[in-house]
Amino acid sequence: MTQLPDSTQRKLGLVIDLDTCVGCHACVVSCKGWNTENYGAPLSDQDPYGADPSGTFLNRVHSYEVQPLATSAMPHPAAQLIHFPKSCLHCEDAPCVTVCPTGASYKRVEDGIVLVNESDCIGCGLCAWACPYGARELDQAEGVMKKCTLCVDRIYNENLPEEDREPACVRTCPAGARHFGDFSDPDSAVSQLVAERGGMDLMPEQGTKPVNKYLPPRPKDGWQGETDVLAPYLEPVAEEPQGFLGWLDKTLEKL
Amino acid sequence: MSIPMPNLDTSPHVSDEVRKTTCYMCACRCGINVHMKDGKVAYIEGNRDHPVNKGVLCAKGSAGIMQHNAPSRLRAPMRRVGPRGSGQFEEISWDEALEQAVGWLKPIRETAPEKLAFFTGRDQSQSFTGLWAQQFGTPNFAAHGGFCSVNMATAGIYTMGGAFWEFGAPDWERTKLFMIFGVAEDHDSNPIKMGLGRLKERGAKVIGVNPIRTGYNAVADEWVGITPGMDGLFILSLVHELMRAGKIDLEYLARFTNAPVLLDSDPKSDDYGMFLRDDDGKMLVIDRRTGKPAPFDQKGVQPDLNGHIRMAGVTHVTVMNQMAERYLDAKYSPDVVGPQCGISAERIRRIAAEIARVAFDEAIELDHSWTDFRGDTHDKMVGRPVSFHAMRGISAHSNGFQTCRSLHMLQIILGSVETPGGFRFKPPYPKPSTAHPKPHFTATPGKPLDGPHLGYPQGPEDLALHEDGSPIRIDKAFTWEHPLSAHGLMHMVISNAHAGDPYKVDTLFLYMANMAWNSSMNTRSVMEMLTDTDENGDYVIPNIIYSDAYSSEMVAYADLILPDTTYLERHDCISLLDRPISEPEAAADAIRWPVVEPDRDVRGFQSVLIDLAARLGLPGFVNDDGSAKFEDYADYIVNHQRKPGIGPLAGWRMGENGLSDGRGEPNEAQIDSYIANGGFGVFHIPDDAQFYKPWNNAYQDWAVNLGLYDAPAPYLFDIYVEPLRKFQRAAEGHGDRQPPEHLRERLKHTMDPLPLWYAPLSDEREDLEEFPVHALTQRPMAMYHSWGTQNAWLRQIHGHNPLYLPTHWWEKLGLSDGDWVRVTSSHGEITVPAAHMAALNENTVWTWNAIGKRKGAWALEDGAPEATKGFLLNHLIHELLPPKGDGLRWANSDPITGQAAWFDLRVKMEKAEAPAESQPGFAPIKSPVGTGPDQLRWKVGK
């Protein structure tokens, strides 16, 4: 059993905007590229050109179809598609850490990032079993557990320009749906976003206290309520071409 | 209690060097930082300074390292040794390969240059490949635009001097209502995602119009699940409502469009439907100050939108008058249109009202004064913050040209083109059809063609026809069948060459176009045409040369393979003479350069063409003594001049007083300067020239100075396109050049000078009750056509492609998870895996494009899901319309531009017994490169 720190000095994490995520997988591949070349063992791929390709990814995007419930205002709501990027949530009460038999999994005191010290990892897989989010993947070539590092080798890296000291997924996200920051600071941009947009925990009932937050999709397709308000904009100036041309003359006079 | 923390180096070495070049993982052309370690590519990220992507990068771009190192890369020139289609090759030297090519090409050039058909696919160097074909002398050149989005491009150019994507963009920072129609997610992909992100941040509203709710439509605030092929009717209904309510920008229409231009409106007149012009050929308007006719561009003129005049017994009325006659007609009312489009009348009205509210109640005024082409100064820039974007979904129909025109007309009546908050052009656009070349096609043995191949016809006199009316081009571009086929018809080349209609060719030379698979309609038949033999046992298409970097399906069907490099190993130029990467605020161009050298015996295709040009002695590519003028493509990029002072790259030229942008002499250090600047050049537009570009003197002067035009060329937006009327008049019997009888009625109907909607052409030849379902493809954001599959990372995201069925059909067929369906069109049949999707138009099915692969291609193993479960819809789509018993071959294309009508497809479906693999299946091709490794652990740094 491995111990979690009582508290961390900062709570670094991501806020992911589900209203804006178009499901393009840019974050998935940028993460794969950076973390294959950097922290620890490369993220391997088995059968990469064959019948059943499967590799290690620290971040994956799932898409879910959602059927909103009918309401009196919206009796036949259209189905929606929600893109849902998922990676380690760097939980405050991370069950993957406490379950680790070797101390390889740990949560950093200075920033709260949950990491795997690969040299101590025996690949037993207990942490992946304990994580309710399925955010850990055992690398099949290396036999060690891989997970999101929040790009711990980027965010403090003095070899990178300061503006690039953020996780690869955040830097690359074309729609700007991913934000990185310190959730222990209520004035940070990420804390503000969470406050303004009702940022949510993923599966709070699990009691893991995830640091990462999700901004819910804004309501969609709610146009029925606007019909009456907007109707005056279509008040006809004329029904027939001749009447329209008469209106044209009158209006041009005033220009 | 303190817990011991492992020692962790949080500042590890990132890379030895960053090399900045241009991505080629799709057509977007973003700037990339290639991190190098030990001379190898270690990591690729977006370039923050780049005008296109500003640092971000999509999944494809980030997976570039897997493309650059793909096991499917070709390794050396090859000569076919087995039968065509078998994939049996022997490697040969470059000298042997080039001599073989010259052996085929030289006699053609000397006797009948049209016997070479040279078509390039996803080529990003068309101004160069086109010049090569022009100097060779064949009229038969085009790139892939004909089967991609030529409707969009051509409709935009004829209507307002540019379309979407490369031509222009929404004013993302100011627009308040954005409507996006039928978009391919791999065109302009990062800018649209960035723009949507900005709109979400600002709280602007996004309406997605698409039968399928994925991607951009999934995040849209409102989704309009329109029935395919009906977009034009929906748009014209919005136009109907806006005009009826007077919610149109009269000042804008009067000043900047041909709405006030006078038209001959007497059906008995010889010039019926033509503009009234003065002796100088200038279009005339009625000046509201005098009530008299005046040239449209006279200083101070106040064009009357409702002017009319009787001259020599002939009544002339304005274009606006004709628009009122047409679009106020009740046939465009939402009550009539709604049921046809699958959108309620209430909703069409509500969208029209919302457009009206935002355009007119939320208008933007910028305090920038500017002077227009008439010399009139305006103290403000007024904007209507409604903007639009569209791409293949509306254009890949046989009514696509007029649908795209309808959308542009909607933008224009709102006054939201080139105004703040609306749609803005990117230099060198705006550029009207009259400022582009006309098509050239006169071939003379041993000589160059008389000019550039592709262009914008202004009337029947510009068609590429022989005296006897037969087509000059192998693809029948610029004929009565498709008069405005400005990008050619690549999808018809193999079919026509095989049929000998209009004639047979000797050599088919293709670059980067997978015509034996996903880039052709009717794929199985195309493979048969490529392998068909005549009575002597010779191939009907005698010689096929193909250049590609990868082992695509097309490789097996060529006789000679010229292996290209990857995009990180080559010089390229993204030129203002070609398809540039400008932004609304600035012109821009870019290069690629070899950030690594090839480790195989491959050469950049453009350098190979330069070598071939020298061996063939093509003018412009050889010196007077016959020696090669250019060493390679890089040398050409720097030293070629299209006209004095204008070359492929605009930046760092040698002016009279040192370095200059736009115009100037070649500079030997130019490529180094681009490399030092991050691989691109940006040329900013001054503040007072940022909007109203077609009419703004400050912009026109800036554009002339940069070399985009030689003299200011202001123009009016063509809501009414007079060249279309000229073709219509010919069809009515006017003029010497007459269409064949069988096309007269179609030309009269479709070449309408005002936008209209008509049903997709195949509808009248299909039994719509038998085939009630529309079938579409979409490109996934994480794949580019067939290329993504060879990419070990991307194929884990999109490795197979079920057919998605809406709830209505899923339930009707009694399907459950894991079921397969047999899908039948009037042309063919496929049996494929099915999946349910609720967020879908109720009579539309769809799948991802080009995921299905043939066994043996792309260095995949035969069991790859792309080959066993993946499939192409192409098998269901014929390049010809169903025959109607007249013995004629009617192309399944837009009758105006020749755009392949992929999305007109209608099918029926039934539940099927699951076969072992998707059907139809094809025998494996022998891979010239073997298959990839069993495992990847990619790390280049130690």
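None of these values were measured; they are calculated from a predicted model.

**Quick look at the overall build of chain B**
Looking only at helices and strands, chain B has 24 helices and 37 strands in total. Expected size for 942 residues packed as a compact globule is a radius of gyration near 30 Å; at 27 Å, chain B falls within 12% of this value. Dimensions of chain B, computed from the C-alpha atoms along their principal axes, are close to 90 × 80 × 75 Å. Per-residue burial over chain B gives 63% buried out of 942 residues. Of all intrachain contacts in chain B linking residues separated by at least 6 positions in sequence, the fraction that spans at least 24 positions is 69%.

**Some words on the domain arrangement of chain B**
Accessible area lost when the parts come together is the quantity often used to give the size of an interface. Residues and elements named next belong to chain B. Taken domain by domain, chain B comprises domain 1 (78-152 + 434-563), domain 2 (162-230 + 342-368 + 383-396 + 412-423), domain 3 (723-753) and domain 4 (761-912). Taking only C-alpha atoms into account, the centre of domain 1 sits 26 Å from that of domain 4. Taken together, the contact pairs 30 residues of domain 1 with 27 residues of domain 4. Secondary-structure elements contributing two or more residues to the side of domain 1 that touches domain 4 are helix H5 (150-160), helix H15 (493-499) and helix H16 (523-531).

**So, the interface of chain A and chain B**
If you look at the interface, chain A gives 78 residues, while chain B gives 92 residues. Considering each element in turn, the side of chain A that touches chain B owes the most residues, nine residues, to helix H1 (residues 26-37) of chain A. Classifying every residue of the side of chain A that touches chain B by side-chain character gives 39 nonpolar, 23 polar and 16 charged. Where strand S2 (residues 45-46) of chain A and strand S37 (residues 935-936) of chain B come together, two bridges link them in antiparallel fashion. Along S37 of chain B, the bridge assignment pairs Asp45 of chain A with Leu936 of chain B.

**Quick word on the sheet that holds strand S10 (residues 178-182) of chain A**
All names here are of chain A. Taken together, the three strands give an open sheet; going across it, the order is S10-S1-S11, and neighbouring strands pair in mixed fashion. Pairing within the sheet leaves two strands with one partner each, and these edge strands are S10 and strand S11 (213-215). Adjacent strand axes in the sheet meet at a mean angle of 25 degrees when their direction is disregarded. Examined bridge by bridge, strand S1 (residues 12-17) and S11 share three bridges and lie parallel to one another. Within S11, the residue paired with Ile16 across the bridge is Tyr214.

**Quick word on the environment of Gly243 of chain A**
Relative to the helices and strands, Gly243 of chain A resides in helix H8 (residues 241-254). A count of 15 C-beta atoms within 10 Å places Gly243 of chain A in the partly exposed class.

**Section: unusual backbone geometry**
In this chain, Asp501 of chain B is followed by Pro502 of chain B through a cis amide linkage whose omega measures 15 degrees. Phi angles above zero are rare outside glycine, and Met203 of chain A is one such case at about 50 degrees. Mapped onto the fold, Met203 of chain A is located in the loop between helix H6 (189-197) and S11. Under the C-beta neighbour-count criterion, Met203 of chain A is labelled exposed, with 12 such atoms within 10 Å.

**Brief notes about the sheet that holds strand S15 (residues 308-311) of chain B**
Residues and elements named next belong to chain B. Within the open sheet, the three strands sit side by side as S12-S16-S15. Their pairing is antiparallel. Sheet topology places strand S12 (262-264) and S15 at the edges, where each strand pairs with a single neighbour. Each strand of the sheet is rotated relative to its neighbour by a mean of 30 degrees, with strand direction disregarded. Note that S15 and strand S16 (residues 314-318) share four bridges and pair antiparallel. Considered in S16, the bridge of Ile309 is made with His316.

Here is what the cut-offs are and how they apply
- Within every chain, residues take consecutive numbers counted from 1 along the sequence as written.
- Think of it this way: whatever chain is written first is A, whatever ligand is written first is 1, and the rest follow in order.
- Only residues with pLDDT of 70 or above have their local features reported here, since the model is predicted, and side-chain atom pairs are shown and tallied only from 80 upward, although totals for entire chains, interfaces and linings are computed over all residues.
- Note on conventions: DSSP H or I runs of at least 4 residues are helices, E runs of at least 2 residues are strands, and numbering of each starts at the N terminus.
- Every radius of gyration here is taken over C-alpha atoms, with the globule rule written as 2.2 Å times N^0.38, N being the number of residues.
- Labels follow a simple rule on C-beta atoms placed from the backbone: if 20 or more others lie within 10 Å of a residue's own, it is buried; if 12 or fewer, it is exposed; otherwise it is partly exposed.
- Contact between two residues is assigned whenever their backbone-derived C-beta positions fall within 7 Å.
- For the domains described, the bounds stem from an automatic or database domain assignment.
- Any residue outside Ala, Val, Leu, Ile, Met, Phe, Trp, Tyr, Cys, Pro, Asp, Glu, Lys and Arg is labelled polar, Gly included; the first ten of those are nonpolar and the last four are charged.
- Pairing between two strands is assigned when DSSP locates at least 2 bridges connecting them.
- Axes here mean lines fitted to C-alpha atoms, for a helix over just the part in contact, with angles spanning 0 to 180 degrees between N-to-C directions.

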